[in-house]
Amino acid sequence: MQGQDILASLEKAVITGNKADSVKFAKEALDKGVKALDAIDHGLVKGMTIVGDKYAKHEYFLPQVLLAANAMYGGLDVLLPHIPKADSDKKLVGVIGVVEGDVHDIGKNIVKTMLTAAGLDMHDLGKDVPVENFVNSVKTAHASLIAMSTLMTPTMDGMKAVVDGLIENGDRMKVKIIIGGAPTSQPFADDIGADMHAINAQEAVKKVKGAI
Amino acid sequence: MADTMNHLERGMASLQNKPVDRLVTYPLAMGVCRRLVGDGKMTYRDWASDPKKFASAFIEGQKHFDFDFAIGLMDLSVAAGDMGSTVRMDDQNTPFVTDPALKTVEDYETLTPPDVKKGRSKVLVDGTKLFVDALGSQVITAAFLEGPLLSLTQAASAEKVFMDMYNNPSAVHKALKTITEYNANMVRGMGTTKCAGLVWDYLWGSYSCLGDKEYEEFEGKYARGLNELTGKEGMAMCIHNCADLPHLDTQIKAFKPAIYSMAYYPLIPGSPSAKETIEKGYADNCLIGGQIDPQGFVRWSQEKMQKTTMNLLQEVKTAMCARGLHSKYCIASGCEVPPTVTTRLENIKECVDTVKQYGQIKC
Ligand code: B12
Ligand SMILES: [Zn+2]
C-alpha cells in the first residue's frame, strides 16, 4: 500500500470506528516511512473531523462517535511515540473534566476527543472532579488549557471555584480556561473569569485554536 | 377563578380531551416535598430508603400545593443500585451511581434480575403503595420506573454500553433481557399498588444520543413489551423523557402513551416547544406535560414564575384551539423540580396557583 492509500485507510478506520484497523494501518504507515505526524493529521484526525461533523448534523450518533474516538486513540497510541521529540514537546497539554457533583460525562468525552484531534495532549480528570484537581493540574500536568464541563445548574459554581483557586495559587495567567455544557454561556464565562465558552465540540476546537 | 371540577374529574377529562374547568398542572415536585414533612430536615438518603418517608413527601406535597397528579419518582439509580452498583447518597442531593457494577462482557451475560422484594426496588414499590392509598381517591397517581436502557447505562456506564452496542451486541441484549425481566416484575409489583398510571423514563430516545435504528434495537423492542404489560396490569402507560431532541414519533406516535412528559431547550436548534409539539399533532391522542425550565423553581422570582406560567398557558391554549383540542396539555416542569434545599417552594405554589387562576380554556 502506498502512503496516500494508508492515509485513506486510517481515515476510514476512524470513520467506521474500527480500532483494530486503525492500529494496523498506523503500524503500516510507520513501516512504509509515512511520517507519524502526517499519519495523524491526514489520516486519523481527518477521519475524526468528518465524524464530528456528521454527529453535529445528526447523521452519526453517540455509539459511532465513541467508537470513532476509540479507533483514533488506538492509532494515536501507535503513532505518538514516533513523533520527533522536538515536535511532541511543542504539543500543548490540556486538562479536561466534569466539575464536582456532576456525573454527566458524555459531552466532556466528545470535547476531549475533538481537542485531541485538534492536536492537544488531553489529560482526562474524569467526572465529579474536586476543585483542587483542576487547580493543581497546571503544576502537575503542565497544562496550558483547562476545559471544564457541567450540564447541571447547581454545579456551575464549581467552575468559579476553580478560576478563583488558580488566581489564589498564582497559576491563572499560565492557562486558558474554556467552559461548556448546556447551562453555561459566554456571559457566565466572563462573569467567573474564564476565557472562553463554546456550545459544542466543534466550536470548542475553533476557539481553542484561536486562543493558543 | 375557583375550580369547579375536582382533580380526578379534571384529570380524566384531560386524558380524553374533554372540556375542563382549567388545564391540569403538576410541577414535578417529588424529592423536594420531603422539606414539607415534620421539621423539614429529612435527608434525601432517608427519603429514598424508607417507604413511609418517601410516601409522606407526596402526601404533604399534595396538602401544600394541591396538585392534579402524584407521580412516584425516587431517582434514577434504584435499579443500578440493586444490581450492585455503588450509589452515593448525599444528605440533600439526588443519589447517583459512582461505581457501576457491570464492568466486563461476562458481567452483562451473568447478570441476574434483582429481586424486587429487596433493596430500594422494594422501598419504591412499598412507598408507591403508601402514597397511592393516601392520595388515589383525590388525584391521578402514577408509579415511576427507569426504562431498561437507562437502567443498563446506569449499571454499566453509558459510554461502555454505547460502544458495546457495536462491539458486543449480543451481550448487551442479554443484559437488556435480564433487566426487562426485572422491570416486568416491577410492573407487576406496581400493579398491586393500584396506581392509575406508570411512567417510564426513556431518556436515551434523543437525537443528541441515539438514532432511530439504535433506539429501536436497544430499547424500542424491550419497551414495547413493557408498555403492553403496563396496560395489562391495569395502569395507563406514560413516558417521561427530558432530553433535548426527543424521539417523538417513536415515543408518542408509535408507543401511544396516555401522558408524555417532556422538556424544552430554547438554545438547542430543533428542540420542540409546546407550540410545535401541539401543532405537529403529538397532543392529539396524548396528554403532553411540560415544559417549564426546572431550574426556574430555584432561580426565578415568584413574579417571573407567574409570568412564565402565564406565557406557557397562552402558548398552549392558542395552539390547542387551532388544533381543535380542549385539554391535552398539563402545565408542568420539563423534568423534576430540583430537590435541593435552595428550590423556592413558593415558586411551585405560584405555578399551580397561576394555572388555577388563568388556566381556563375556551376556544
Ligand atoms: C443522559 C442524561 C443523564 C445520564 C448521564 C449519563 C452520563 N454518563 O453522562 C444520567 C441518567 C446518569 C443522568 C443523571 C442525572 N441527570 Co441528567 N441528563 C441526561 C440528558 C438526557 C442528556 C445529556 C447528554 O449526555 N447529552 C449528549 C451529550 C453529547 O451532549 P452534552 O452533554 O450537552 O455535550 C455537548 C455540549 O453541551 C458541549 N459541552 C459539554 N461539555 C463541554 C465542555 C466544554 C469545555 C465545552 C467547550 C463544551 C462542552 O459539547 C458537547 C458535545 O457537542 C440531559 C438532557 C439533555 N440535554 O438532553 C439530562 C440533564 C442534563 N440531567 C439533568 C438532571 C437534573 C439529572 C439528575 C439530577 C436526575 C435525577 N433526578 O436523578 C441526575 C444527576 C446526577 C449527577 N449528580 O450528575 C438535568 C440538568 C438540569 C440542570 N440544568 O441542572 C438535564 C438537563 C435534564 C433536565 N431537563 O432537567 N442524566
Ligand atoms: Zn427528566
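Everything that follows concerns the structure shown earlier in this document.
Nothing here was measured: the structure is a model prediction, and the numbers come from that model. (Residues numbered from 1 in each chain as written. Chains lettered and ligands numbered in written order. Predicted model: local features only at pLDDT ≥ 70, side-chain atom pairs only at ≥ 80, totals over all residues. Heavy atoms only, no water.)

## Some points on the pattern of salt bridges
Residue and element names in this part refer to chain B.
Alright, step 1. For the coordinates displayed, the defined rule picks out 32 salt bridges over all chains.
Alright, step 2. Among the salt bridges present, the one from Asp68 reaches Arg10, with a minimum N-O distance of 2.8 Å. With Asp68 in the loop between α3 (51-65) and β2 (69-72) and Arg10 in helix α1 (residues 7-15), this pair connects stretches of sequence that are 58 residues apart.
Alright, step 3. We classify Arg10 as buried; its relative accessible area is 0%.
Alright, step 4. In this structure, the salt-bridge partner of Asp126 is Lys122, at a minimum N-O distance of 2.8 Å. You can see Asp126 and its partner Lys122 sitting in helix α6 (residues 119-135), four residues apart, about one turn around the helix.
Alright, step 5. Exposure remark for Lys122: the relative accessible area of 37% places this residue in the partly exposed category.
Alright, step 6. In this structure, a network of salt bridges that share partners links the residues Asp3, Arg10, Asp21, Arg22 and Asp68. (Salt bridge = Lys/Arg side-chain N within 4 Å of Asp/Glu carboxyl O. Helix = DSSP H or I, 4+ residues; strand = E, 2+ residues; numbered from the N terminus. Buried < 20%, exposed > 50% of the residue type's maximum accessible area, 1.4 Å probe, protein only.)

## Some points on the interface of chain B and chain A
Alright, step 1. Between chain B and chain A, the contact holds 20 residues from the first and 16 residues from the second.
Alright, step 2. In terms of surface lost to chain A, no three residues of chain B exceed Phe96(B), Glu159(B) and Met163(B), which account for 28% of the buried area on that side.
Alright, step 3. Taking the shortest distance from any N to any O, the salt bridge between Arg88(B) and Asp128(A) comes out at 3.1 Å.
Alright, step 4. Run the count over chain B and chain A and you get seven residue pairs in polar contact (both at pLDDT 80 or more).
Alright, step 5. Among the elements of the structure, β4 (96-99) and α8 (158-167) of chain B are those that each provide at least two residues to the side of chain B that touches chain A.
Alright, step 6. Ranked by the residues each element gives to the side of chain B that touches chain A, the list is headed by α8(B), at seven residues.
Alright, step 7. Class assignment for the residues of the side of chain B that touches chain A results in twelve nonpolar, four polar and four charged. (Contact = heavy atoms within 4.5 Å. Buried area = accessible area lost by both parts, 1.4 Å probe. Polar contact = N/O pair within 3.5 Å; in protein donor to acceptor, adjacent residues only side chain to side chain. Nonpolar A, V, L, I, M, F, W, Y, C, P; charged D, E, K, R; others polar.)

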